[in-house]
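Chain by chain, the residues:
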Number of protein chains: 2
Amino acid sequence: MSGALLLTGIGQLLTLRGAVPRRGWALADPGIIRDAAVLVRGDRIAAAGPRREIERLPEARRARKTDLGGRVMLPGLVDSHTHLVFAGSRLEEYELRLAGATYEEIARAGGGIQSSVRGLRAARPAELERGALARLVQFAAHGTTTVESKSGYGLDLANELKILRVQRALARRQPVEIVSTFLGAHVVPPEYRRRPQAYVDLVTRRMIPAVARERLAEFCDVFCDRGAFTPGQARAILAAGRAWGLEPRLHADQLARTGAARLAIEIRAASADHLDRVTGSDIAQLGRSGVVCTLLPGASLHLGVPFAPGRALVDAGAIVALATDFNPGTSPTLSLPMAISLACAGMRLAPAEAIAAATVNAAYSLRRHDRIGTIEAGKQADLAVFDVADYREIPYYFGVHLTSMTLKRGKIVYARDGVRGWPRSAPGDA
Amino acid sequence: MSGALLLTGIGQLLTLRGAVPRRGWALADPGIIRDAAVLVRGDRIAAAGPRREIERLPEARRARKTDLGGRVMLPGLVDSHTHLVFAGSRLEEYELRLAGATYEEIARAGGGIQSSVRGLRAARPAELERGALARLVQFAAHGTTTVESKSGYGLDLANELKILRVQRALARRQPVEIVSTFLGAHVVPPEYRRRPQAYVDLVTRRMIPAVARERLAEFCDVFCDRGAFTPGQARAILAAGRAWGLEPRLHADQLARTGAARLAIEIRAASADHLDRVTGSDIAQLGRSGVVCTLLPGASLHLGVPFAPGRALVDAGAIVALATDFNPGTSPTLSLPMAISLACAGMRLAPAEAIAAATVNAAYSLRRHDRIGTIEAGKQADLAVFDVADYREIPYYFGVHLTSMTLKRGKIVYARDGVRGWPRSAPGDA
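Bear in mind the structure is a predicted one, so any value in this text is a computation, not a measurement. (Residues numbered from 1 in each chain as written. Chains lettered and ligands numbered in written order. Predicted model: local features only at pLDDT ≥ 70, side-chain atom pairs only at ≥ 80, totals over all residues. Heavy atoms only, no water.)

This part covers the overall build of chain A. Per the secondary structure count, chain A includes 17 helices and 16 strands. Each principal axis of the C-alpha atoms in chain A carries an extent, and together these give about 70 × 45 × 45 Å. Counting the 430 residues in chain A, one finds 65% classified as buried. Partitioning the contacts of chain A with sequence separation of at least 6, the portion at a separation of at least 24 is 72%. In the structure as shown, chain A presents an accessible area of about 14,300 Å², 51% of it carried by carbon and sulfur atoms. (Helix = DSSP H or I, 4+ residues; strand = E, 2+ residues; numbered from the N terminus. Buried < 20%, exposed > 50% of the residue type's maximum accessible area, 1.4 Å probe, protein only. Contact = heavy atoms within 4.5 Å. Areas by Shrake-Rupley, 256 points an atom, 1.4 Å probe, with all protein chains shown as cover.)

Here is the structure:
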């Protein structure tokens, strides 16, 4: 018996093979193989294809076998926009918002991001790590194997570094892959309210160099919107980030159309996220661009606002990705299957389009498409198994927990009826 | 050691104690006890209250103990509107709808309910039972302990009886409580398209008496809407049902404002369901009536239409309940926590209001409020435990699976890391 693992009895294997990134018609082709098997060797996929072909391989005959009973397998889901590390929830604000307060009213009253900043600054790293670890267990339980996570609740040098160091520690101590993004420009912190340019200077001259020297992030992000940073400020921050090797991403046009999507195109950002307010000509230009359009329908649902024009972006040829925007204020879901359901019901994406957006295109936006986001020989063995007979049932049975197994780098990190291979943590911690 | 079970370490116990039904301000008071315990004797709650008081009881000292580690306990959720028994999914139609077809276009093309009718008529009872059983396991896994279920995919005497007999068999062979509703008047079947009155006669003269004689249902329901039955037809059917002892419920004003909500008030129906299209004066009258307004936000989300005016109904004083409308066409979710999240985000109900709507008021609409829907001594021990520290997190973490334990009549029917006490069934069956 070799060390290999044969996953067989896969009713539908969604390989997502083909050109990367996916756009236009290609977005709707999930590359399905029926009655399939996947051979895993170490942390890699050794072979993936029709069951009869794979089972015939000499290595497959000697491998440990797991029969998946006709279930559906997807590439491990890639969540390309989250705010994983925070202290405390924002339940009070949630009730206020349900009672009628707007996002911006809450922010002006010191709630919103500012309340997360107060909590974060007061928290010890061990406490932050414990909370985030419990959340990562839940990400894996919902099929996610890679999570991008942003700083941005620190808003001073020490606390921004604290978040990014917690993320690095987490990357080492648990199996879900973490991609770090520096979001020092999340909002202007209260102590700089009257001199925002001084805060921009702090970000560009002190924070970015410190983050880069410690190799704490791969990307630099700016919340470029009404009440946050202007396109001019965002341009300066992202240029400084790039000079230090951090590729740009942007929170763009969520609350108002401020021109952030145009900026993303101009500077060739890896991704422009949210896009709730983009209009016809923005959509056409995004469609022709190489910028990934990362849609976050969970935030729209939670805030009770219309969904971003996902269908129009797909039809315009855009590289659409899909993420949870997991954060305690505006999108507390960490279920990518939920985001996939919302993209279908709320934005009229086809199930296959939404799944490609949450796997291969999300991997592309994180510059990891050579390694994750599809199921083919040589790729990392990041796999998610769902308790359905047809992949379209994943969005269809919305809000129902269907993930039955998750593998990261060839190891089972979640299995219904038991979570394996995790450091211990209290289940109610999240 | 007695046969009693002591559930202790409950961080928040939502008793929902008080006057039934709940309306107005009372809807927002969940009757919370912090640091609580519940003593279960047989299938009943023997005592519920502050931990120190309960633990002091002689019977509690001898009981088996389960410490819930600070988790939140609610009354077992009551799903008062589902269509549980069907054959096959409606995935093709789902993709068509996402691509732009309307509910009514699909119905005219022979899709929609008619496709479920074809599937149901062709299915053997054992097959229907197997599918429904797998779904009931999932209901329990999401915290639901009582499920109302409607016939209505048979649309002839033999097949309507087939559904209701399957429901009776299921009620005996698994723990989730099933409340049967006869919905022979779901749509006019194809063979009666040109003579709908003949179908109404069949329902009133043959089906209702047959259902009542076999004691197969407690309620009679009519889909009274554009494309289904008129208020006049509904009045005749529900009068016949009542004469045979079946209390009336109504699918009302979902697709168009046809006057069904007014009819519900006039005939003092147990419940008027959907209500997406009710307007100002309907809302005011419902608010003063004794009719339960059963809101089904899952269907609105799945169909991509605006949510019903839940906030306005609560503010008008209506007895609001909340259900999944679980069915393969328009609301494939069987998660009441999901419906609770949607009622908050989409209809601006407070978390406490939504939880009261999915427990005590739903129980009232099913005429079981003397036995279920609250946690107090003498009530049935139907309990749901969630992996959170504050009940507001249940809607807040939308789409995330948080149920950690479900008890029905004092027996554990779901526990995370293992489902106990169920007859065996294939997990992928649903």
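Attention now goes to the domain arrangement of chain A. All names here are of chain A. When its domains are assigned, chain A resolves into domain 1 (5–76 + 373–415) and domain 2 (77–365). Counting residues at the interface gives 34 residues for domain 1, matched by 35 residues for domain 2. Summing both sides of the interface, domain 1 and domain 2 together bury roughly 2,600 Å²; the carbon and sulfur share of this comes to 70%. The largest per-residue losses of area from domain 1 upon contact with domain 2 belong to Arg23, Leu27 and Pro395, which jointly make up 24% of the total buried on that side. Remark: the boundary between domain 1 and domain 2 carries 2 salt bridges. The salt bridge partner of Glu177 is Arg409, with a shortest N-O separation of 3.6 Å. Applying the counting rule to domain 1 against domain 2 returns 15 residue pairs in polar contact (both at pLDDT 80 or more). Only strand 5 (72–75), strand 14 (383–386), helix 17 (393–396), strand 15 (403–408) and strand 16 (411–415) provide two or more residues apiece to the side of domain 1 that touches domain 2. (Domains from an automatic or database assignment. Buried area = accessible area lost by both parts, 1.4 Å probe. Salt bridge = Lys/Arg side-chain N within 4 Å of Asp/Glu carboxyl O. Polar contact = N/O pair within 3.5 Å; in protein donor to acceptor, adjacent residues only side chain to side chain.)

Let's shift gears to the sheet that holds strand 12 (residues 292–295) of chain A. Residue and element names in this part refer to chain A. Judged by pairing direction, the sheet is parallel, and its 8 strands sit side by side in the order 6-7-8-9-10-11-12-13 without closing on themselves. Two strands close off the open sheet at either side, each with one partner strand: strand 6 (77–79) and strand 13 (319–322). If you compare each strand with its neighbour and ignore which way they point, the axes differ by 25 degrees on average. Direction of pairing for strand 6 relative to strand 7 (residues 144–150): parallel, over a ladder of 3 bridges. Along strand 7, the bridge assignment pairs Asp79 with Val147. Across the face of the sheet, helix 9 (residues 231–243) comes into contact with strand 8 (177–185), strand 9 (219–224) and strand 10 (247–252) while running at roughly 175 degrees to strand 9. (Pairing = 2+ DSSP bridges. Axes fitted to C-alpha atoms, helices over the stretch in contact; angles between N-to-C directions.)

Per the stated rule, a full pass over the model turns up 12 aromatic pairs over all chains. Both rings, one in Phe139 of chain B and one in Phe326 of chain B, keep their centres 5.6 Å apart while their planes meet at 90 degrees; by these two values the pair is edge-to-face. Of the two residues, Phe139 of chain B sits in helix 6 (residues 125–141) while Phe326 of chain B sits in the loop between strand 13 (319–322) and helix 14 (336–347), which places them 187 residues apart along the sequence. With respect to class, Phe139 of chain B is no different from Phe326 of chain B; both count as buried. Above the ring of Tyr364 of chain A, the side-chain terminus of Arg367 of chain A is found at 4.9 Å from the ring centroid. (Phe/Tyr/Trp six-rings, centres within 6.5 Å; stacked < 30°, edge-to-face > 60°. Lys NZ or Arg CZ within 6 Å of the ring centre and 35° of its normal.)

Moving on to the relation of the copies chain A and chain B. Between the two copies, chain A and chain B, the superposition gives an RMSD of 0.0 Å; the rotation angle is 180 degrees and the shift along the axis is 0.0 Å. The relationship between the two copies is best expressed as a two-fold rotation axis. Looking at the interface residues of chain A, 100% of them are also at the interface in chain B, so both copies use one shared face. (Least-squares fit on C-alpha atoms with pLDDT ≥ 70 in both.)

Time to look at the side chain of Thr145 of chain A. Residues and elements named next belong to chain A. In this structure, Thr145 sits in strand 7. Taking relative accessible area as the criterion, Thr145 reaches 1% and is therefore assigned buried. Sequence-distant contacts of Thr145, defined by excluding residues within four places in its chain, comprise Gly76, Leu77, Val176, Glu177, Asp382, Leu383, Thr406, Leu407 and Lys408.

Time to look at the pairing of strand 11 (residues 271–274) of chain B. Residue and element names in this part refer to chain B. Relative to strand 11, strand 10 (residues 247–252) runs parallel, the two being bridged by 4 bridges. When the bridges of strand 11 are listed, His251 appears paired with Asp273. On the question of chirality, the crossover connecting strand 10 to the parallel strand 11 by way of helix 10 (residues 260–266) is right-handed. Across 3 bridges, the pairing between strand 11 and strand 12 (residues 292–295) is parallel. The residue bridging Asp273 from the neighbouring strand is Thr294, located in strand 12. (Right-handed = clockwise from strand over helix to strand, strands pointing away.)

Once that is clear, we can look at the interface of chain A and chain B. The partner chain B presents 49 residues to the 49 residues of chain A that form the contact. Where chain A meets chain B, there are 4 salt bridges. Linking Glu92 of chain B and Arg392 of chain A is a salt bridge whose minimum nitrogen-to-oxygen distance equals 3.0 Å. Linking chain A with chain B are 16 residue pairs in polar contact (both at pLDDT 80 or more), by the criterion used here. Every element with two or more residues in the side of chain A that touches chain B is listed here: helix 3 (91–98), helix 12 (297–303), helix 14 (336–347) and helix 17 of chain A. Considering every element that reaches the side of chain A that touches chain B, the biggest residue donor is helix 3 of chain A, with 6 residues. Split into classes, the residues belonging to the side of chain A that touches chain B amount to 24 nonpolar, 14 polar and 11 charged. (Nonpolar A, V, L, I, M, F, W, Y, C, P; charged D, E, K, R; others polar.)

Another aspect to go through is the state of the cysteines. Residue and element names in this part refer to chain A. This structure, assessed with the given rule, holds 0 disulfides over all chains. Summary of cysteine pairing: Cys220 is not part of a disulfide, and the nearest cysteine sulfur, belonging to Cys224, is at 12 Å. Cys220 gets classed as buried once you look at its relative accessible area, which sits at 1%. Between Cys344, a cysteine without a disulfide, and Cys293, which holds the nearest cysteine sulfur, the sulfur-to-sulfur distance is 17 Å. The class for Cys344 is buried, based on a relative accessible area of 0%. (Disulfide = S-S within 2.5 Å.)

Before going further, it helps to examine the pattern of salt bridges. All names here are of chain A. Across all of its chains, the model carries 66 salt bridges over all chains by this definition. Here Arg367 makes a salt bridge to Glu247, at a shortest N to O gap of 3.3 Å. Note that Arg367 is positioned in the loop between helix 16 (360–365) and strand 14 and Glu247 in strand 10, a separation of 120 residues in sequence. Residue Arg367 is classed as partly exposed on the basis of its relative accessible area of 30%. The class for Glu247 is partly exposed, based on a relative accessible area of 25%. Note that Arg392 and Asp390 form a salt bridge whose closest N and O atoms lie 3.0 Å from each other. Of the two residues examined, Arg392 and Asp390, each falls in the buried class. The network of salt bridges with common partners includes Glu177, Glu218, Arg368, Arg371, Asp382, Lys408 and Arg409.

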